[in-house]
Amino acid sequence: MPDTALMTLLEQRLASITFAPNFGQETSGQAGGQIRVRTSRAPLWHMKINVPIAYREEAQAIKAVIGSMGGSVGTFYGWDTDRPYPFADPEGAAIAASTVQIKSVGSNGISLALKGLPVGYVLTRGDYLGFTYSTTKKALHQVVAATVTADGSGETAEFEVHPAIRQGAAANDAVSLSKPVAEFRIVPGSYNPETAGLYSRLSLEAMQVVT
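Note that residues are indexed from 1 along each chain, following the sequence as it is written. Selection of residues for local features in this predicted model requires a pLDDT of at least 70, selection of side-chain atom pairs for listing and counting requires 80 or more, and totals for whole chains, interfaces and linings are taken over all residues. Side-chain figures throughout are based on the complete set of non-hydrogen atoms in the structure, without hydrogens or water.

### Brief notes about helix α2 (residues 56-68)
- Here a strand is any run of E in DSSP of at least two residues, a helix any run of H or I of at least four, and the numbering for each starts at the N terminus. To estimate how far a helix should reach, multiply one less than its number of residues by 1.5 Å. With 13 residues, α2 should reach 18 Å at 1.5 Å per residue; the first-to-last C-alpha distance of 18 Å fits that figure.
- Three labels apply to residues, based on accessible area from a 1.4 Å probe with only protein chains included: buried if under 20% of the type maximum, exposed if over 50%, partly exposed otherwise in between. Listed as buried for α2 are Ala-59, Ile-62, Val-65 and Ile-66. For α2, the arc enclosing every buried residue in end-on projection is 125°, short of the 170-degree limit, so these residues lie on one face. Across α2 from its buried face, at more than 90 degrees, point the exposed residues Glu-57, Gly-67 and Ser-68.
- Any two residues whose heavy atoms approach within 4.5 Å at even a single point are treated as in contact. Elements in contact with the buried residues of α2: α1 (5-13), β4 (44-55), β14 (182-186) and β16 (199-208). The directions considered for the arc are those from the helix axis to the C-beta atoms.

Structure follows, in structure tokens:
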């Protein structure tokens, strides 16, 4: 079963991370200078992680977890360490005691509303939210709306998110705003551990898995 063990270890010594959607797009140039874009699938979250200097003991712990996953065979839960909590609640303290759920999913497939938030709670463009749908699938979305504020009942109006919401998401699905995760698999051939003296370097790429 995937868990957060690997991401937690990486986060402790993380030097840089690239976390962005991979749109599965191909381009072709035309004689007139136009660029045509073809999308082959729905977007998937993709990350690149670099841990350039870690003590060997820490590196060995990371290697052990990756080894237990069978490298690219197993999966893990990961999040964007650049925005682990909402911008207006940078440590997740205000949301810690709340049970947030989807109130509704918009018919346009790119919006939803939440309930169970603290009164007046604010979400800001760039914040992440995650939820489990269809029993086991992990969804991770980013807020597109400039600001979203919970009303006196702890509910929001529908607001835009990206990527598009996959079929299966439904009202009452539990929502996480604190280190919300997607499921990832290490891209084969991208894991590169290197040891020099007392220190180690680690880098890897991972792509979202939608099972």
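### Remarks on the environment of Val-210
- Within the secondary structure, Val-210 sits in the segment after β16.
- For Val-210 and Lys-137, which are 73 residues apart along the polypeptide, the C-alpha to C-alpha distance reads 6.6 Å.
- With near-sequence residues (within four places) excluded, Val-210 lies in contact with Leu-44, Tyr-133 and Arg-166.

### Digging into the side chain of Ser-190
- Within the fold, Ser-190 resides in the loop between β14 and β15 (192-196).
- Nitrogen and oxygen atoms within 3.5 Å of one another constitute a polar contact, given that in protein one can donate a hydrogen and the other can accept it, and given that sequence-neighbouring residues count only through two side-chain atoms. A distance of 2.7 Å separates a polar atom in the side chain of Ser-190 from the backbone oxygen of Val-187.
- Apart from the residues within four sequence positions on either side, Ser-190 is in contact with Ser-203, Leu-204 and Glu-205.

### Digging into the packing of α1 against α2
- Where α1 meets α2, the closest approach of the two axes is 10 Å, and the angle between their N-to-C directions is 155°. For the element pair α1 / α2, the angle class is roughly antiparallel. Note that α1 runs across α2; the crossing there is left-handed. Residues Leu-6, Leu-9, Leu-10 and Arg-13 of α1 form the contact with α2, whose own contacting residues are Glu-58, Ala-61, Ile-62, Val-65 and Ile-66.
- Side-chain classes follow a simple rule in which Ala, Val, Leu, Ile, Met, Phe, Trp, Tyr, Cys and Pro form the nonpolar group, Asp, Glu, Lys and Arg form the charged group, and the remainder, Gly included, forms the polar group. Per-class residue counts for the contact of α1 with α2 are seven nonpolar, no polar and two charged. For helices, the axis comes from a line fit to the C-alpha atoms of the stretch in contact; other axes are also lines fit to C-alpha atoms, and the angle between any two N-to-C directions lies between 0 and 180 degrees. Geometric relationships in this document are graded by angle, where less than 35 degrees denotes roughly parallel, more than 145 denotes roughly antiparallel, 65 to 115 denotes roughly perpendicular, and other angles denote oblique. Rotating anticlockwise by less than a right angle from the far helix to the near helix defines a left-handed crossing, while the corresponding clockwise rotation defines a right-handed one.

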